[in-house]
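Spelled out from the first residue to the last, the chains are:
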Amino acid sequence: MLIGLALISCERDKTVPYSDICEVSVRAEYPGEFTSFVREGVTVRVEDINLGSAYESKTDASGMANFKLVKGLYRFSISDIADQDIFNGTTDKVSVTSASQVKVSLMHSKAGSIIIKEIYCGGCKRLPQEGTYQADKYIVLHNNDFRVQYLDSLCFGSLSPYNSNSNNVWVSKDPVTNENIYPDFVPIVQCIWQFGGSGHDFPLQPGEDAVIAVHGAIDHTIQYPLSVNLNKPDYFVCYNSTYFTNPSYHPAPGNLISQDRILKVVIKTGQANAYTLSLNSPAVVIFRANGTVIEDFVLGPDAVKPTPGDTHNPIVAIPTDWVVDAVEVFNGSTTSNTKRLQPSLDAGYVTLSEPYLGHSLMRKVDEEMTKKQGFVVLSDTNNSTLDFYESEKQSLHE
């Protein structure tokens, strides 16, 4: 049925000449020890980058998915789960001009334990006053594992470039395969924040959440009813009056915030007086140093790198295998979005349609696994297109 729908969708405009419709077959290429995989029933997603429309089809017994596409520019993505193994791949900005075969290289990963549950970055209206408000951003983490996890030493940051539609100097294009070429690191911009603790100070029980107030651990609803109250005893906060002196975005934490829940600045590389988290399209990562401590790593000779063409915003090159979870957000007001995260970290993206609506980006609940495990289990395929949705209000809105 999905194949039929895809074929019908591809011929949606009867005024398109038949010569402009191309037969395209898509094959997944599995990595390493999985190269012999030929899997039937795997979903292949195709997006028309210019029109914003999307189609899906399933692979057949030969491992191939077939489409009829109008000539244009497309993004092909595949997500496959086999037991505990997750495979994701994206081939971006493929020009379809004739009948062709597209190969999508998949990357192997595992489901995470601590994952990003929610990103609220878009702000809200100042009602009943005039104007808009964005100094109330927050992120929610979730323990998706059946074991207790610890937030101690976990780091948080966002990627360069800040916005998905900005020029991305870190990702290039393979001239032969047309696939994106990513660096072997994630470029963290402006600041790395870190939870405190000595190892077991901040436990997160199975199904439990942790809120990070990125901007303003205060009750924002006192002035702006459509906002949220971030002054809660268990909340964490990004606050440092030495590096980020702008009180509009970093007021002193509220009276209910514990001192030990103020995140530490490991390193600051930007020049802004307020921590910048994109209003409409951040790429957010949480990570842990492996084999060293993060404070020593950032002092190393290869940790901080200049950003080509931008002397004001060097980045910290964090090894990809340190990443615990990552989520890519696209700007819904443009089609000029470019992936920043490798497919092994996030093969897709979630779109924020418009800022200042009080909308938030939420991870879906895996109902089947929730019933089986007895606590809230969230969808985690390492593909935000499948795992996330745009909610009409923040989960913390009361």
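Along each chain, the written sequence defines residue order, and numbers are assigned to residues from 1. Local features in a predicted model are, by the rule used here, given only for residues with pLDDT of at least 70; side-chain atom pairs are given and counted only at 80 or more, and totals for whole chains, interfaces and linings are based on all residues. The basis for the side-chain values is all heavy atoms of the structure; hydrogens and waters are excluded.

Here's the deal with the packing of aromatic side chains
Phase 1 of the analysis: Pairing of aromatic side chains requires ring centres within 6.5 Å, counting the rings of Phe and Tyr and the six-membered ring of Trp. Pairs whose planes differ by under 30 degrees are stacked, by over 60 edge-to-face, and all others tilted. Overall, the coordinates contain 17 aromatic pairs when judged by the stated rule.
Phase 2 of the analysis: Summarising the aromatic geometry, the rings of Trp 193 and Tyr 275 are spaced 5.7 Å apart at their centres and angled 90° between planes, so their arrangement reads as edge-to-face. Taken together, the residues span a long stretch of sequence, with Trp 193 in strand β18 (residues 191-194) and Tyr 275 in the loop between β22 (262-268) and β23 (283-287) at a distance of 82 residues. Per residue, the accessibility class of Trp 193 equals that of Tyr 275, and both read buried.
Phase 3 of the analysis: Taken together, Tyr 30, Phe 34, Phe 37 and Phe 87 form an aromatic cluster joined through their ring pairs. Secondary structure elements are defined from DSSP: runs of H or I of at least 4 residues count as helices, runs of E of at least 2 residues count as strands, and each element is numbered from the N terminus. Per-residue accessibility, obtained with a 1.4 Å probe over protein chains only, is compared with the maximum for each type, and a residue is labelled buried under 20%, exposed over 50%, and partly exposed between these values.

Section: the side chain of Thr 338
Phase 1 of the analysis: Summarising the element assignment, Thr 338 is placed in the loop between β26 (323-331) and β27 (350-352).
Phase 2 of the analysis: The class of Thr 338 is buried, set by a relative accessible area of 17%.
Phase 3 of the analysis: Beyond its immediate chain neighbours, meaning those up to four positions away, Thr 338 contacts Asp 92, Lys 93, Ser 164, Asn 168, Glu 328 and Phe 330. Residues count as neighbours in contact if any of their non-hydrogen atoms are within 4.5 Å of one another.

Regarding the nonpolar core
Phase 1 of the analysis: Nonpolar core, defined: a set of buried Ala, Val, Leu, Ile, Met, Phe, Trp, Tyr and Cys residues in which side-chain atoms within 4.5 Å join the residues together. Within the largest apolar cluster, 32 residues are counted, with the highest numbers of intra-cluster contacts made by Leu 141, Leu 151, Phe 156 and Trp 193.
Phase 2 of the analysis: For this core, the element with the highest residue contribution is strand β9 (residues 114-120), accounting for three residues.
Phase 3 of the analysis: Ignoring sequence-local partners within four residues, the contact set of Leu 141 consists of Ile 114, Ile 115, Ile 116, Lys 117, Leu 151, Leu 154, Phe 195, Glu 208, Asp 209, Ala 210, Ile 212 and Ile 286.
Phase 4 of the analysis: Core analysis: the next-biggest nonpolar cluster, separate from the first, contains 25 residues, Phe 34, Ile 78, Val 94 and Leu 106 among them.

With respect to the pattern of salt bridges
Phase 1 of the analysis: The term salt bridge refers to a side-chain nitrogen of Lys or Arg lying within 4 Å of a carboxyl oxygen of Asp or Glu. Under the criterion given, the structure shown has 16 salt bridges.
Phase 2 of the analysis: The shortest N-O distance in the salt bridge between Arg 75 and Asp 92 comes to 2.8 Å. With a gap of 17 residues between them, Arg 75 in strand β5 (residues 72-82) and Asp 92 in strand β6 (residues 85-96) connect regions that are remote in the sequence. Asp 92 carries the same exposure label as Arg 75, and that label is buried.
Phase 3 of the analysis: By sharing partners, the salt bridges in this structure join Arg 45, Glu 47, Glu 56, Arg 75 and Asp 92 into a single network.

On their own, these measurements won't tell you what the molecule is for.
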